[in-house]
Amino acid sequence: MKFPKIIRHRKAEVTIYGKKESYPFYRLSWRFNGRRHMQSFRTYREAKAAGDKKVRELAKGSQSLALTAKEVTGALAITPTTKGWRRKRRQ
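Note that the structure is predicted; figures quoted are calculated from it, not measured.

### Points about the overall build of the chain
- Each helix and strand in the chain was counted, giving 2 helices and 4 strands.
- Listed by position from the N terminus, the elements making up the chain come as β-β-β-β-α-α.
- Each of the 91 residues in the chain was classed as buried or not, and the buried ones make up 24%.
- Within the chain, residue pairs in contact and separated by at least 24 positions form 35% of the contacts whose partners lie at least 6 positions apart.

Okay, structure coming up:
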């Protein structure tokens, strides 16, 4: 099998890179909001399944892909506070 493999859906694309001696994992790579994101997988099957899902999310324009793990944690932490503020403001 030749690498890198490119998965395309509409205008979105995701690339799967093969294993190397120095890095024995398959890597899934995509660009979103000008930033490159990567994810590692032990098997090609896992990388391909995640790539198919990710490329469809990119094509839909899902904004959650742009967030890092820390940003997601922060957003979830402030959500209850902002919901209370919105209710008070409308009254």
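### Side note on the sheet that holds strand E4 (residues 35–41)
- In space, the 4 strands of this open sheet follow the order E1-E2-E3-E4, with antiparallel pairing throughout. The sheet is open, and its two borders are formed by strand E1 (5–9) and E4, each paired with just one other strand. Across the sheet, the mean angle from the axis of one strand to that of its neighbour is 20 degrees, orientation sign disregarded.
- Where E1 lies against strand E2 (residues 12–17), 5 bridges are found, and the strand directions are antiparallel.

### Considering helix H1 (residues 44–60)
- Between its first and last C-alpha, H1 extends 24 Å over 17 residues, near the 24 Å set by a 1.5 Å rise per residue.
- Of all the residues in H1, the buried ones are Ala 47, Ala 50, Gly 51, Lys 54, Val 55 and Leu 58. All buried residues of H1 fall inside an arc of 140 degrees around its axis, so they share one side. Opposite the packed face of H1, turned more than 90 degrees from it, sit the exposed residues Arg 45, Lys 53 and Lys 60.
- Contact partners of the buried residues in H1: E1, E2, strand E3 (26–32) and E4.
- Gly 61 lies just past H1 and shows a positive phi near 85 degrees.

Cut-offs applied
Residues numbered from 1 in each chain as written. Predicted model: local features only at pLDDT ≥ 70, side-chain atom pairs only at ≥ 80, totals over all residues. Heavy atoms only, no water. Helix = DSSP H or I, 4+ residues; strand = E, 2+ residues; numbered from the N terminus. Buried < 20%, exposed > 50% of the residue type's maximum accessible area, 1.4 Å probe, protein only. Contact = heavy atoms within 4.5 Å. Pairing = 2+ DSSP bridges. Axes fitted to C-alpha atoms, helices over the stretch in contact; angles between N-to-C directions. Expected span 1.5 Å × (residues − 1). Arc of directions from axis to C-beta.

Shape descriptors only; they carry no functional weight alone.
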